[in-house]
Structures are given as C-alpha cells and as structure tokens.
Amino acid sequence: MKLPFHIVELLKRKLGNGLRLPSDCELLSLDIESKTKVRIGATTLKRLLGFAHDERTPHAATLDAIARYLGYAHWDELLAIEDTGNSDFEAPKGELRSADLQTGSSVEIAWLPDRRLVLRYLGDCHYHIMESENSKLQAGDEVEVLSFVLHHPLLVLQVWRNGQSLGQFTAGRISGLSSVRVI
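Not measured: the values here are computed from a predicted model. Throughout, residues of each chain are indexed from 1 in the direction in which the sequence is written. Only residues with pLDDT of at least 70 are given local features in this predicted model, and only at 80 or more are side-chain atom pairs given and counted; all residues enter the totals for whole chains, interfaces and linings. Side-chain figures throughout are based on the complete set of non-hydrogen atoms in the structure, without hydrogens or water.

**Here's the deal with the environment of S178**
Starting at the N terminus, helices and strands are each numbered in turn, a helix being any DSSP run of H or I of at least four residues and a strand any DSSP run of E of at least two. Looking at the secondary structure, you find S178 in strand β9 (residues 177-182). Looking at S178, the relative accessible area reads 40%, which means it is partly exposed. C-alpha separation for the pair S178 and L117, spaced 61 residues apart in sequence, amounts to 12 Å. Contacts of S178, omitting those with residues within four sequence positions, involve A110, W111, L112 and L150. Burial status follows relative accessibility: with a 1.4 Å probe on protein chains alone, a residue under 20% of its type maximum counts as buried, one over 50% as exposed, and anything between as partly exposed. Contact definition: two residues touch when any of their heavy atoms are within 4.5 Å.

**Quick look at the pattern of salt bridges**
In the sections that follow, a salt bridge refers to a side-chain nitrogen of Lys or Arg positioned within 4 Å of a carboxyl oxygen of Asp or Glu. Enumeration over the complete set of coordinates arrives at 10 salt bridges. A salt bridge links E9 to K12; the nearest nitrogen and oxygen atoms lie 3.3 Å apart. With E9 and K12 both in helix α1 (residues 5-15), this residue pair falls three residues apart, about one helical turn. One salt bridge in this structure joins R116 and E133, with 2.8 Å as the shortest N-O distance. One end of the pair, R116, is in strand β3 (residues 115-123); the other, E133, is in strand β4 (residues 126-133), with 17 residues separating them in the sequence. What you see here is one network of salt bridges that share partners, running through E108, R116, E131, E133 and R181.

**Considering the packing of helix α2 (residues 24-36) against helix α4 (residues 60-69)**
Axes, fitted as lines to C-alpha atoms, cover a helix only where it is in contact. Angles between the N-to-C directions of the axes lie from 0 to 180 degrees. Direction vectors running N to C along α2 and α4 enclose 80°, while the axes themselves pass 10 Å from each other. The orientation of α2 with respect to α4, classified from their angle, is roughly perpendicular. Taking contact as the criterion, the partners of L28, D31, I32, K35 and T36 in α2 are, on α4, A65, R68 and Y69. Put simply, Ala, Val, Leu, Ile, Met, Phe, Trp, Tyr, Cys and Pro go in the nonpolar bin, Asp, Glu, Lys and Arg in the charged bin, and everything else, Gly too, in the polar bin. For the contact of α2 with α4, the residue count by class is four nonpolar, one polar and three charged. Any angle that is under 35 degrees is reported as roughly parallel, and any over 145 degrees as roughly antiparallel; angles of 65 to 115 degrees are reported as roughly perpendicular and all others as oblique.

**Describing the packing of aromatic side chains**
The criterion for an aromatic pair is that two Phe, Tyr or Trp rings (for Trp, the six-membered ring) have centres within 6.5 Å, with stacked assigned to planes under 30 degrees apart, edge-to-face to planes over 60 apart and tilted to the rest. A full pass over the atoms with the stated rule returns two aromatic pairs. Arranged with centres 4.9 Å apart and planes meeting at 50°, the rings of Y121 and Y127 form a pair that is tilted. Here Y121 falls in the buried class, since its relative accessible area comes to 6%. Relative to F148, the ring of Y127 lies with its centre 5.3 Å away and its plane at 80°, an arrangement referred to as edge-to-face. Within this pair, whereas Y127 is found in strand β4, its partner F148 is found in strand β6 (residues 147-149), the two being separated by 21 residues in sequence.

**Considering the confidence of the model for the protein**
Here the protein shows a mean pLDDT of 88. Residues at 70 or above account for 93%. Taken element by element, the predicted model of the protein shows its lowest mean pLDDT in helix α5 (residues 75-87) (66) and its highest in β4 (98). Known as pLDDT, the predictor's confidence for each residue is given on a scale from 0 to 100.

Given below as structure tokens:
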C-alpha cells in the first residue's frame with residue numbers, strides 16, 4: 001500500500017525534508033518515534049512512500065502512529081479530514097479554510113481547558129497571532145495553518161517567533177478545537 005499523495009505531502013512538510021531519497025525514510029522513522037514513541041521501520045516507510053514496491057497492507061497501529069505524528073487522533077480521522085478537505089468545493093461544516101479567507105480577516109479559536117487565540121490572516125495560509133490566552137503560542141508569533149476544524153486538533157505547519165522557526169505545533173490533541181469563528 002502506498003500512502004495517498006496528500007498524506008505524503010503532509011509528511012514532507014512535517015519532517016521539513018523533501019523525502020526524495022529512500023535514505024530519508026531513516027530520518028522520518030526517527031522523527032516519528034521521537035514524537036509518538038512508536039517505532040515504524042524505515043523499510044515500512046519506504047513501502048508506504050513508494051520507494052519499494054510492495055502491496056502489503058500496514059498494521060493499523062502503523063497508520064495510527066502516522067496520523068498522530070501529523071496531529072490527528074487516529075488514521076480514520078486523518079483520512080476523513082484530508083479526503084473531504086482535498087476534494088470538496090466547499091468546506092465541510094465546522095471547517096474554516098485559510099484559502100477561503102480575505103487578507104486581514106481575524107479568526108478566533110479556542111480549545112480546552114481554557115486556551116484562546118485571535119489570529120489575523122496575512123495571506124498564503126500565514127497568520128499573525130494578535131491575542132493569546134493560556135497557550136504556548138504567543139502574541140506576535142506568526143504561524144502557517146491550512147484550516148481550522150471544529151472538534152479536531154489544530155495543526156500548525158510552522159511557527160515563527162522573532163523571525164526564528166520553531167517548527168510544527170499541535171493544539172487540542174485530545175478534544176480538538178471547541179470554537180472556530182471569523183470575527
């Protein structure tokens with residue numbers, strides 16, 4: 001089984017590497033293990049990324065670990081969100097896509113227990129955080145977000161603080177976003 005194209009693209013972004021060579025699967029394996037505490041062998045990743053031709057179906061635990069690495073609770077959730085977000089003309093109910101916003105729009109999101117952000121859209125999926133309450137993200141940070149999905153974790157593809165990249169950030173891993181609205 002080869003992973004769907006959009007999931008491979010998410011893995012490339014998360015790793016920050018083009019995953020162009022089979023040897024890049026070693027790096028991905030180590031990064032997945034460091035973030036999820038689940039080891040997926042480089043050989044398995046080579047099969048899933050299409051470097052090795054093998055149609056064996058991976059274990060559910062392997063797919064769930066990939067989903068958790070990408071900020072989703074489990075594989076089915078990743079497939080549901082990505083399939084819908086990747087092929088519909090309109091966003092599903094409860095999803096706010098960056099591509100649908102006007103530059104300068106403000107978005108307010110919240111998640112449990114008492115986290116809240118107000119973000120101003122800069123264009124090209126980039127936001128400036130205007131207000132931050134009880135979050136590790138701070139006012140003044142810039143972030144890259146494809147979409148905000150109610151009841152799903154927030155996956156920030158990149159965080160910049162004072163011009164320095166801090167990498168990816170995931171919020172609301174357990175219960176997801178409790179509120180998403182344009183203000």
